[in-house]
Amino acid sequence: MLVGEKFSDQYMDLHVVLVVLFISSLLVCHNGVEGGTGLSEEEYLELEKQIELLNKPAVKTIHMKPTSSPRKARGEVALNGTKPTSTRLRGRGCPLGTVPIRRVTREDLIREKLASKTISDGPGTHYAVIRTRVTGKKFSGAGAHITLHRPHVNGGQYSAARVKIQNGLDSIETGWRVDPSLYGDSLTRGYIHFNAGQSHCFNTRCPGFVIVRSDVQLDAYFDPVSIPGIDPISTPVYIIRDKPSGNWWLILREENIAVGFWPRSIFTQLGDLANYVEWGGEAFSPPGTVVPPMGTGFFPIRRFISLNAYFRRVVVRNEYGQTVDVDNTEEFADNNKLYKVADKGNQGDYFGRVFLYGGPGGKT
């Protein structure tokens, strides 16, 4: 009996040691969050509140849809061999009346907080885009078909392709990104991001975007992705404003799925129309470090579109809600030694307005 009790005590001691070691490893590794988090005790408490809010049980969805959606271009057909991609959930999706929200951990929120500090316009961010000029025109939407790629990035870096609309401090963007700091992996994943004054958020990790589809996951990964020289794989993305409500809707996939919307009420300037649109690539690396590739990792090759990363069927919606070819744009790359952009103009029914972008990155 004494032997059994001694063995039991030793077992319990060993169990305690293992638990302590396990917890310590979590604190060190942070599930892909490299180094110290740099978060204060107040920020940790705020994260705990967010986790509790975001991981609530499934709730009923709002049943609504925009009054109009983008139309497929006349004569548009898929290229031979092009493989479809999907951001849909496997099986039949979520239970009736609920929507897919990825379960959020503390590490997810830490990554997002760090990623939000590097989103757009900060030091270390680079671009290869086409953008509308300042002409006084207003827009009620924009979109394109974006080829899918998986550029190599290291921790703390990201490489993305997106459509962005803006008015003042308010902006909305959507597309794909390879971003270990945000997702904890190096897969090509869909994303959305919005700025509403001083508030900003990725995907559904804070109140703002209202998702209405039960079979589409915003941050799902794309597989397969394009291989240079083989028929490219692309996905359509649109942001459109519903005229009656003023809400901004996210439209994805060939079927023009209305995934959800940003309510007009969360914005100030985008409570009205947009006055600026941008399409193209974005990459980030901490200042003073080597910058990651963008797109295919090669500069645009003008003679062979299939060898490139590109945007096709680049369109805007005018202030009357009509989808039109975009005009009065300019190419912009902040560092032509890292990345370039080449506007090819209109290339027929399938490609429409198309531009090429990308580059190897490297030392700044």
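Because the structure is a prediction, the values reported are computed rather than measured.

Quick look at the overall build of the protein now. Within the protein, the secondary structure is distributed over four helices and 16 strands. Burial status across the protein gives 50% buried among its 364 residues. Once local pairs closer than 6 in sequence are excluded, the contacts in the protein between residues at least 24 apart make up 74%.

A separate point is empty space enclosed by the protein. Tallied over the entire structure, the rule returns three cavities of 30 Å³ or more. Considering only enclosed or pocket space, the second largest cavity measures out at about 40 Å³ in volume. Together, 11 residues line the second largest cavity, and Tyr238, Ile240, Val315, Arg317 and Thr323 are the ones closest to its centre. Tallied by class, residues from the lining of the second largest cavity come to seven nonpolar, three polar and one charged.

Applying the stated criterion across every chain, the model contains 10 aromatic pairs. A ring pair is formed by phenylalanine 311 and tyrosine 357, whose centres lie 5.6 Å apart and whose planes are at 70°; its orientation type is edge-to-face. Remark: tyrosine 357 occurs in strand β16 (residues 353–358) and phenylalanine 311 occurs in strand β12 (residues 309–318); sequence separation between them is 46 residues. Residue classification places phenylalanine 311 among the buried positions, given a relative accessible area of 0%. Assessed through its relative accessible area of 0%, tyrosine 357 is described here as buried. Considering the side-chain rings of phenylalanine 355 and tyrosine 357, the 6.4 Å spacing of their centres and the 50° angle between planes classify their relative orientation as tilted. Tyrosine 357 matches phenylalanine 355 in its accessibility class, with the two residues each being buried. Connected via pairs of aromatic rings, a cluster forms that spans Tyr310, Tyr350 and Phe351.

Among the structural elements, valine 210 can be located in strand β7 (residues 210–211). Judged by its relative accessible area of 22%, valine 210 falls in the partly exposed class. Remark: the alpha-carbon pair of valine 210 and glycine 260, spanning 50 residues in sequence, is separated by 5.4 Å.

Let us now look at the confidence of the model for the protein. For residues with low pLDDT, the predicted coordinates do not support detailed interpretation. Per-chain confidence: the protein averages 79 in pLDDT, with 68% of residues scoring 70 or above. Note that residues 1–36 has pLDDT below 50 and, in this model, 14 contacts with residues that lie over four places away or in other chains. Within the model, pLDDT remains below 50 along residues 73–84, and this stretch shows 21 contacts once partners closer than five positions in the same chain are excluded.

This paragraph deals with the sheet that holds strand β5 (residues 189–196). Taken together, the seven strands give an open sheet; going across it, the order is β6-β5-β4-β3-β11-β1-β14, and neighbouring strands pair in antiparallel fashion. This sheet does not close on itself; its edge strands, each paired only once, are β6 (199–202) and β14 (329–333). Averaged over all neighbouring strand pairs, the angle between strand axes comes to 15°, with direction disregarded.

Core analysis: the largest hydrophobic core is formed by 53 residues, its most contacted members being Ile172, Trp248, Trp262, Trp279, Phe311 and Tyr357. Trp249, Ala258, Phe261 and Val315 belong to the second largest nonpolar core, which has eight residues in total.

One pass over the structure, following the stated rule, counts 11 salt bridges. As a salt-bridge pair, glutamate 330 and arginine 133 come within 3.2 Å of each other at their nearest N and O atoms. Residue glutamate 330 is located in strand β14, and its partner arginine 133 is located in the loop between β1 (125–132) and β2 (139–147); the two are separated by 197 residues in the primary sequence. On the basis of relative accessibility, which here comes to 24%, the residue glutamate 330 falls in the partly exposed class. We note a salt bridge from arginine 353 to aspartate 343, for which the minimum N-O separation is 2.5 Å. Of this pair, arginine 353 sits in strand β16 while aspartate 343 is found in strand β15 (residues 340–346), placing the two residues 10 residues apart along the sequence. For arginine 353, a relative accessible area of 12% translates into the label buried. Shared partners join several salt bridges into a network, and the residues in it are Arg131, Arg133 and Glu330.

Conventions and cut-offs
Residues numbered from 1 in each chain as written. Predicted model: local features only at pLDDT ≥ 70, side-chain atom pairs only at ≥ 80, totals over all residues. Heavy atoms only, no water. Helix = DSSP H or I, 4+ residues; strand = E, 2+ residues; numbered from the N terminus. Buried < 20%, exposed > 50% of the residue type's maximum accessible area, 1.4 Å probe, protein only. Contact = heavy atoms within 4.5 Å. 1 Å grid on protein atoms, 1.4 Å probe; cavity = no way out; pocket = protein on both sides within 12 Å on 5 of 7 lines; lining within 4 Å. Points joined across faces, edges and corners; volume = space filled by probe spheres on them. Nonpolar A, V, L, I, M, F, W, Y, C, P; charged D, E, K, R; others polar. Phe/Tyr/Trp six-rings, centres within 6.5 Å; stacked < 30°, edge-to-face > 60°. pLDDT = per-residue confidence, 0-100. Pairing = 2+ DSSP bridges. Axes fitted to C-alpha atoms, helices over the stretch in contact; angles between N-to-C directions. Core = buried A, V, L, I, M, F, W, Y, C linked by side-chain atoms within 4.5 Å. Salt bridge = Lys/Arg side-chain N within 4 Å of Asp/Glu carboxyl O.

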